[in-house]
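Descriptive analysis of the structure
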Amino acid sequence: MSEGESKSTHFGYKTVEADKKAELVAGVFHSVAAKYDIMNDVMSFGIHRYWKRYTIEVSGARPGMKVLDLAGGTGDLTAKFSHLVGDKGEVVLADINDSMLKVGRTKLRDKGIVNNVSYVQANAEALPFPDNHFDIITIAFGLRNVTDKDAALRSMNRVLKPGGKLLVLEFSKPQHEIMRKVYDLYSFKVLPKMGEFITKDADSYEYLAESIRMHPDQDTLKQMMVDAGFEQCDYTNMTDGIVALHRGYKF
Ligand SMILES: C[S@@+](CC[C@H](N)C(=O)[O-])C[C@H]1O[C@@H](n2cnc3c(N)ncnc32)[C@H](O)[C@@H]1O
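The protein chain appears in an unreviewed UniProt entry as Ubiquinone/menaquinone biosynthesis C-methyltransferase UbiE from Shewanella morhuae. UniProt lists a comment for the protein chain under the heading Function (unreviewed entry), and it reads "Methyltransferase required for the conversion of demethylmenaquinol (DMKH2) to menaquinol (MKH2) and the conversion of 2-polyprenyl-6-methoxy-1,4-benzoquinol (DDMQH2) to 2-polyprenyl-3-methyl-6-methoxy-1,4-benzoquinol (DMQH2)." Under the UniProt heading Sequence similarities (unreviewed entry), the entry covering the protein chain gives this text: "Belongs to the class I-like SAM-binding methyltransferase superfamily. MenG/UbiE family."

What follows is the structure in structure tokens.
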């Protein structure tokens, strides 16, 4: 039985009814949307910019391509893709949460990014796009929050063109014990305090730390991608595996 078919699932370390998780996740991102970008820089010491830059490099985005930045939030990847695909290409920033979309749209418009980007409120589990539509799909720090990850991966496979590439950038499992210890200390003792100070919301950053621990590790996620129909799946660990970039193709 897949996670989404079961009656319960996890929201961080809590067990909740599966049909309640989306609402709880929505609460987190409505709460942090306005301070999301600054919090990302502070809590990762700016390293998330490097993880995202590497993702863009691996994407191979070129002029004229159609790109889906799924769970795109405040649009960091969308902004970069918009420059790469140019006027003949298109980038869709899709996210389930209208607060995050609103912050993203305002930020990108302020940067003058208007021509080739559209914004769609959508659930990754049931994407409202035609079959075989996108050359590239990215989902950065989004899959962890989705209730039925298998359904979401199948949905991404459906809307990807044959020859297209999926990139999943997500927190994963640090490779060395010493790193795990330091990271645990940081995540559970420091992060919620930073969240409290900057966003006045410690709970959302406690959820972040817990949801990372509950997320499938590198090899499990790779197998989930294979099961959803992706081929030539592999991954690259970054920062000792605190984050991994998974890649898979549809043929
Ligand atoms: C941690 S943010 C990542 C935002 C952006 N991709 C980045 O890397 O900065 C996670 C995003 O996933 C979105 N999300 C959560 N569940 C989703 C779902 N089922 N479908 C689409 N987006 C979802 C949230 O609304 C949020 O904007």
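**Some thoughts on the UniProt feature "binding site: S-adenosyl-L-methionine" (unreviewed entry) in the protein chain**
The feature "binding site: S-adenosyl-L-methionine" (unreviewed entry), as annotated in UniProt, sits at T74, D95, N123 and A124 in this numbering. Positionally, N123 belongs in the loop between β5 (117-121) and β6 (134-140). You can see A124 is positioned in the loop between β5 and β6. The buried category is assigned to A124, whose relative accessible area is 9%. When neighbours within four sequence positions are excluded, A124 is seen to be in contact with L70, V146, A152 and S155.

**Topic: the pairing of strand β1 (residues 8-11)**
Residues T9 and F11 line the buried face of β1, whereas the alternating positions S8 and H10 sit on a face that is not buried. As judged from the four bridges shared by β1 and strand β2 (residues 14-17), these two strands associate in the antiparallel manner. Bridge pairing links S8 to E17 in β2.

**Structural notes on helix α4 (residues 76-85)**
Judged by how many residues are buried, α4 sits mostly within the fold: seven of ten residues are covered. All buried positions along α4 are accounted for by D76, L77, T78, A79, F81, S82 and V85. A positive phi of about 70° marks G86, the residue just after α4.

**Here's the deal with the packing of aromatic side chains**
Tallied over the entire structure, the rule returns eight aromatic pairs. Ring geometry for W51 against F141: centres 6.1 Å apart, planes inclined by 50°, an arrangement best described as tilted. With W51 in helix α3 (residues 47-59) and F141 in the loop between β6 and α6 (149-159), this residue pair connects regions lying 90 residues apart in the sequence. The same class applies to W51 and to F141, which are both buried. Between F141 and F171, the ring centres sit 4.9 Å apart and the planes meet at 45°, which makes this aromatic pair tilted. With F141 in the loop between β6 and α6 and F171 in strand β7 (residues 160-171), this residue pair connects regions lying 30 residues apart in the sequence. F171 carries the same exposure label as F141, and that label is buried. Three or more aromatic residues joined by ring pairs make a cluster, and in this case those are W51, F141 and F171. Its guanidinium or amino end placed over the ring of Y119, R105 lies 5.7 Å from that ring's centre, counting from NZ or CZ. In this structure, R213 packs its charged tip against the face of Y183, placed 4.7 Å from the ring centre.

**Here's the deal with empty space enclosed by the protein**
Summed over all chains, the structure comprises one cavity of 30 Å³ or more. Considering only enclosed or pocket space, the largest cavity measures out at about 40 Å³ in volume. For the largest cavity, the full set of lining residues is H10, F11, G12, K21, R144, Y207, S211, M214 and H215. The set of elements that each furnish at least two residues to the lining of the largest cavity consists of β1 and α8 (202-214). With three residues, the top contributor of residues to the lining of the largest cavity is α8. Looking at the lining of the largest cavity, its residues break down into three nonpolar, four polar and two charged.

About the thresholds
- Residues numbered from 1 in each chain as written.
- Predicted model: local features only at pLDDT ≥ 70, side-chain atom pairs only at ≥ 80, totals over all residues.
- Heavy atoms only, no water.
- UniProt positions renumbered as here; feature names shortened; annotations may be inferred.
- Helix = DSSP H or I, 4+ residues; strand = E, 2+ residues; numbered from the N terminus.
- Buried < 20%, exposed > 50% of the residue type's maximum accessible area, 1.4 Å probe, protein only.
- Contact = heavy atoms within 4.5 Å.
- Pairing = 2+ DSSP bridges.
- Phe/Tyr/Trp six-rings, centres within 6.5 Å; stacked < 30°, edge-to-face > 60°.
- Lys NZ or Arg CZ within 6 Å of the ring centre and 35° of its normal.
- 1 Å grid on protein atoms, 1.4 Å probe; cavity = no way out; pocket = protein on both sides within 12 Å on 5 of 7 lines; lining within 4 Å.
- Points joined across faces, edges and corners; volume = space filled by probe spheres on them.
- Nonpolar A, V, L, I, M, F, W, Y, C, P; charged D, E, K, R; others polar.

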